[in-house]
Amino acid sequence: MFGVQKCSGMGNEKMKSRMLILLALFSALSAVGAAIKIPAIVGSVAFDVFPALLAAALLGSGAGAIVGALGHLLSALIAGFPLGPMHGLIAIEMAVLVYIFGVLYKKNKKVIASILFILANAFAAPLPFLFLMNSAFYVAIVPSLLIGSLINTVIALAVIPRLKALVKQDIIKSEIKL
C-alpha cells in the first residue's frame, strides 16, 4: 500500500501492521491537534503539524508527509473551510515541508530541519496567497503561521526523544515510502 519497506527482524506483515497502526495513531493525534486552534485571522492555524513532525522523525519522511497533509485537511475542515483546490495545495505544501524535515532530521541535522520547516511554513508556504488573495492577506497570515510553526516544532522536538524509547527501533529503521 505504501510501497517497499525494509524489514529488520520482524515478519513483513507484522511490520506493515505495526507501521499502519502507528500511522493511524499519529493521524488521530493530528486530528486532535487540528481542533486546538492558535489565534489567527484564519481558523486553520492549529496544533495539527507536530504529530506529522513526530511521524517524520520516528517513522520516516513518507509517514510524516501523509500525516502532515491529512492534518491540514482536518484542520481546515474543523475550521469550517470548504476543502477545495486551495486547501489541496496547502496539504501538498505541508506534506513536502514535513517530508524535508524528516529527511534532514534522519540525517541528524535537527536544527537545520527545524529552522527550515519554521521559515518555509511561515514565509514560503503562504506565497500562493499573494496571487490568489492579495499582499495584505499574506502580511496578515505570516505572523500567525510563524508562531504556529514555532510552537508545533518546539513541541515536536521536545517529544521526539521521549517517544523514541516507546517506538521500537526496528520500526524507526524502516520507512514508509510514498
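Since the structure is predicted, the reported quantities are computational estimates derived from the model, not experimental observations.

Student: Please explain a nonpolar patch on the surface as it appears in this structure.
Tutor: A cluster of nonpolar side chains, Ile92, Val96, Tyr99, Ile100, Ile112 and Leu116, forms an exposed patch at the surface whose accessible area comes to about 530 Å². The element that contributes the greatest number of residues to the nonpolar patch is helix 4 (residues 85-106), accounting for four residues. Tracing the chain through its elements places Ile112 in helix 5 (residues 110-124).

Student: I keep staring at the environment of Leu20 and nothing clicks. Help me out?
Tutor: In this structure, Leu20 sits in helix 1 (residues 12-34). For the pair Leu20 and Ala63, spaced 43 residues apart in the sequence, the C-alpha separation amounts to 9.3 Å.

Student: In this structure, what is going on with the packing of helix 5 against helix 7 (residues 135-164)? I would like to understand it.
Tutor: Geometrically, a packed helix pair is captured by the angle between its two axes and the distance between the axes. Across the interface, helix 5 lies against helix 7 with an axial gap of 7 Å and an inter-helix angle of 155°. Comparing their axes, helix 7 and helix 5 come out roughly antiparallel. Every pair of crossing elements has a handedness; the one defined by helix 5 and helix 7 is right-handed. Mapping the contact onto sequence places Ser114, Phe117, Ile118, Asn121, Ala122 and Phe123 in helix 5 and Tyr138, Val142, Leu145, Leu146, Ser149, Leu150, Thr153 and Leu157 in helix 7. A class-by-class count of the residues in the contact of helix 5 with helix 7 yields ten nonpolar, four polar and no charged.

Student: Is there a simple way to think about the nonpolar core in this case?
Tutor: As a rule of thumb, nonpolar side chains are buried together in soluble globular proteins. One finds Phe26, Leu59, Val98, Phe101, Phe117 and Ile160 to be the most contacted residues of the largest nonpolar core, which totals 40 residues. Elements with a minimum of two residues in this core: helix 1, helix 2 (50-58), helix 3 (61-79), helix 4, helix 5 and helix 7. For this core, the leading source of residues is helix 2, giving eight residues. With residues up to four places along the chain from it excluded, the contact list for Phe26 reads Pro51, Leu54, Ala55, Leu58, Leu59, Val67 and Leu163.

Student: Teacher, can you tell me more about the packing of helix 2 against helix 7 here?
Tutor: The geometry of helix 2 relative to helix 7 is characterised by a closest axis approach of 9 Å and an angle of 40° between their N-to-C directions. Between helix 2 and helix 7, the angle falls in the class oblique. Relative to helix 7, the crossing made by helix 2 is right-handed. Contact residues: Phe50, Leu53, Leu54, Ala57 and Leu58 in helix 2; Asn152, Thr153, Ile155, Ala156, Val159, Ile160, Leu163 and Lys164 in helix 7. Among the residues forming the contact of helix 2 with helix 7, the class breakdown is ten nonpolar, two polar and one charged.

Student: I keep staring at the environment of Pro128 and nothing clicks. Help me out?
Tutor: Relative to the assigned elements, Pro128 resides in helix 6 (residues 128-132). Residue Pro128 is classed as partly exposed on the basis of its relative accessible area, which comes to 22%. Residues Pro128 and Met86, spaced 42 residues apart in sequence, show a C-alpha to C-alpha distance of 9.1 Å.

Student: Is there a simple way to think about the packing of aromatic side chains in this case?
Tutor: Any two aromatic rings considered together are summarised by their centre-to-centre distance and by the angle between their planes. Tallied over the entire structure, the rule returns three aromatic pairs. Seen from their ring centres, Phe101 and Phe117 are 6.3 Å apart, and the 70° between their planes marks the pair as edge-to-face. Of this pair, Phe101 sits in helix 4 while Phe117 sits in helix 5, and the two are 16 residues apart along the sequence. Like Phe101, the residue Phe117 is buried in the burial classification. Each residue in the set Phe101, Tyr105 and Phe117 is aromatic and connected to the rest through ring pairs, giving one cluster.

Student: Would you take a moment to explain helix 3 for this structure?
Tutor: In an α-helix, one turn spans 3.6 residues; hence positions three or four apart end up facing the same way. Between its first and last C-alpha atoms helix 3 spans 27 Å; for 19 residues at 1.5 Å apiece the expected length is 27 Å, and the two agree. Two residues or fewer past helix 3, Gly80 is found with a positive phi of approximately 95°.

Student: Where do I start with unusual backbone geometry in this structure?
Tutor: Leaving glycine out, the prevailing phi sign among residues is negative, and the prevailing peptide bond configuration is trans. Backbone geometry places Asn108, a non-glycine residue, at a positive phi of 65°. Among the secondary structure elements, Asn108 is positioned in the loop between helix 4 and helix 5. For Asn108, a relative accessible area of 59% translates into the label exposed.

Criteria and cut-off values
- Residues numbered from 1 in each chain as written.
- Predicted model: local features only at pLDDT ≥ 70, side-chain atom pairs only at ≥ 80, totals over all residues.
- Heavy atoms only, no water.
- Patch = residues over 30% accessible without salt bridge, like charges linked within 9 Å, V, L, I, M, F, W, Y side chains within 5 Å.
- Areas by Shrake-Rupley, 256 points an atom, 1.4 Å probe, with all protein chains shown as cover.
- Salt bridge = Lys/Arg side-chain N within 4 Å of Asp/Glu carboxyl O.
- Helix = DSSP H or I, 4+ residues; strand = E, 2+ residues; numbered from the N terminus.
- Axes fitted to C-alpha atoms, helices over the stretch in contact; angles between N-to-C directions.
- Parallel < 35°, antiparallel > 145°, perpendicular 65-115°, else oblique.
- Left-handed = near helix turned anticlockwise from the far one by under 90°.
- Contact = heavy atoms within 4.5 Å.
- Nonpolar A, V, L, I, M, F, W, Y, C, P; charged D, E, K, R; others polar.
- Core = buried A, V, L, I, M, F, W, Y, C linked by side-chain atoms within 4.5 Å.
- Buried < 20%, exposed > 50% of the residue type's maximum accessible area, 1.4 Å probe, protein only.
- Phe/Tyr/Trp six-rings, centres within 6.5 Å; stacked < 30°, edge-to-face > 60°.
- Expected span 1.5 Å × (residues − 1).

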